[in-house]
Amino acid sequence: MRPPITIVGAGLVGALLATLLAQRGFAVTVFERRPDPRKAGFLGGRSINLALAERGWHGLRVAGMQERMRPIAVMMRGRMVHDVNGQTNLQRYGRDDSEVIWSVNRGALNTNLLDAAEAAGTIIHFDQRLDSVDWNHSILHLRSEDGTVREHRAGVVLGTDGAGSALRNAMARVVDLGERFEPLGHGYKELEIPALTDIPQASLAPGLHEKRARGERFAMEPNALHIWPRGNYMCIALPNAEGSFTVTLFLPNEGTPSLSSVKTASDARAFFERDFADIVPLMPGLEADYVGNPTGLLGTLYLDRWHLDHRALLLGDASHAIVPFHGQGMNAGFEDAVELAELIAATPDDTASVFAEFERRRKPNADAIAAMALENYVEMRDRVDDADYLLMRELDRALAARHPGRWAPRYWMVTFSRIPYRTAFERGAIQSKLLRELIAGKSTLADINLDAADARVRLILSPVPADT
Ligand code: FAD
Ligand code: E0Q
């Protein structure tokens, strides 16, 4: 028997999951707290983007959505590192343009997924916030913005309502989920570099007049993820298809400089002029954005359990919110959705076993990407421009070329393959130990005896598991 399925939260993961389940013949009902983003009046907010990598594309491909998203995604070949003097250096992510990541607009992705979910037969109710659950009868209590309450008798409940999950809170009333949130101690602020055509002539830096006159829309290299590493903090910028960039400043909550010390419009200007001077002329709205946009919180959410017997399961950020420094939160959530849709379609009449199996398979992978995302913050903000790091990267690539099918850089496994995150983490640790040993006391690749290294590589690494 195929149980009717209720999904709480029509964000990125919920909308993809609804699509996949409806496509497999399940009756799917979704409740979403916010109003329908496709309705007029919700367009034209801030443009927020995300990096989409192979795991995310795979989810979209399975749902038949790849062709829809590809034309509106912007290719990012590597990270463009901006030093304090404004010098830039592109570090390629992969070997060639088949190994790149993509910047996609969150709103456009969500909207397209909502269309796909409905096209597959899902019923989506907007402006319906989950308040609580009566688990004895599996009745959801929902509330709309105007205070109207509604009850919904659910079959199976799937929670994709994000890091602050209301379904998780409802589950925690009847089962100990072993929930633990570890704050990072750093937060973020989103800012904007408008398209060149939208920057007033008067505030346009001299070098950019010509660029704009040529009809170029992007103020910086469009096909890159820009990073300004500054030790304990950093800025990044991802391109939007229409020519703007979304800039995110990551900064400690306390100390100097911090989100507490950089408070006012003039603080923000002085701080940016000192540390990020090359972007100041590209951000005419810097002060207004800094003061007007909310500050985001960051941290990692760990649960010991993701399900309540046969009745409910959490996926995506609701069960494993992570810090954003590997650009994998949505990618991991899409992997959850694909895995669950497969399991549930194979054994639709035993959700208790499906939920337990899903948790068994996914939890080690969620823990691994959580750890790698945390490590990547230090790497991004502090290491990408140091000599040791660059030599290690060079050696990593050299060994990958010498040992195809055996040595794969960890970034490659996470970003361009679907090798389980856990495997990427474990193999990455083995590789990084050898890399560190090999570069100790060395300053160029030529100083390293690669033939001697080859024997070590074959000894410590088995062949890479075939991509699933
Ligand atoms: P959400 O996207 O949070 O969706 C949850 C949905 O549930 C929302 O629509 C919400 O309105 C709804 N909801 C909430 N409460 C209720 C309720 N009570 N009742 C009904 N509905 C409810 N990931 C990447 O892969 N690449 C990136 O480059 C990347 N960059 C990031 C940058 C930043 C600064 C941050 C903070 C995150 C980033 N992420 C990135 C992570 C990514 O945003 C999340 O992993 C992803 O959005 C998780 O999707 P989700 O559907 O689980 O949750
Ligand atoms: C990626 C792609 C928010 C965010 C998203 C990302 C990445 C980073 C730094 C950040 C990591 C990298 N990265 O360049 O190694 O690869 O998505 Cl801060």
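Our structure is the block above this text.
What counts as what
Residues numbered from 1 in each chain as written. Chains lettered and ligands numbered in written order. Predicted model: local features only at pLDDT ≥ 70, side-chain atom pairs only at ≥ 80, totals over all residues. Heavy atoms only, no water. Salt bridge = Lys/Arg side-chain N within 4 Å of Asp/Glu carboxyl O. Helix = DSSP H or I, 4+ residues; strand = E, 2+ residues; numbered from the N terminus. Near = heavy atom within 4 Å. Polar contact = N/O pair within 3.5 Å; in protein donor to acceptor, adjacent residues only side chain to side chain. Nonpolar A, V, L, I, M, F, W, Y, C, P; charged D, E, K, R; others polar. Areas by Shrake-Rupley, 256 points an atom, 1.4 Å probe, with all protein chains shown as cover.

Draft legend 1. Quick peek at the pattern of salt bridges. One pass over the full model with this rule turns up 32 salt bridges. Here Glu 54 and Arg 418 are joined by a salt bridge, their closest N and O atoms 3.9 Å apart. One end of the pair, Glu 54, is in helix α2 (residues 54-62); the other, Arg 418, is in the loop between α13 (410-416) and α14 (421-439), and 364 residues separate them in sequence. Glu 437 serves as the salt-bridge partner of Arg 456, at 2.8 Å between the closest nitrogen and oxygen. Of this pair, Arg 456 sits in helix α15 (residues 450-460) while Glu 437 sits in helix α14, placing them 19 residues apart in sequence. Here the salt bridges share partners, and the residues they tie into one network are Asp 36, Arg 38, Asp 115 and Glu 118.

Draft legend 2. Here's a closer look at the site of ligand 2. Close to ligand 2 lie 15 residues, the nearest being Ala 51, Arg 79, Tyr 93, Gly 327 and Tyr 411. Between Arg 79 and ligand 2, the recorded distance is 2.7 Å, taken from a side-chain N or O atom to an oxygen atom. Contact between ligand 2 and Asn 376: an oxygen atom at 3.4 Å from a side-chain N or O atom of the residue. At the level of elements, β15 (234-239) and α11 (351-383) are the ones that each hand at least two residues to the shell around ligand 2. Looking at the shell around ligand 2 residue by residue, the classes come out as eleven nonpolar, three polar and one charged.

Draft legend 3. Spatial organisation of the site of ligand 1. Taken together, 29 residues lie near ligand 1, and Glu 32, Arg 34, Ala 51, Arg 106 and Asp 317 sit nearest. Met 330 is positioned such that a nitrogen or oxygen atom in its backbone is 2.9 Å from an oxygen atom of ligand 1. Contact with the protein chains covers 86% of the free accessible surface of ligand 1, which is 1000 Å². If you list the elements that add at least two residues to the shell around ligand 1, you get α1 (12-23), β3 (49-52), β9 (129-134) and α10 (329-346). For the shell around ligand 1, a count of residues per class yields twelve nonpolar, ten polar and seven charged.

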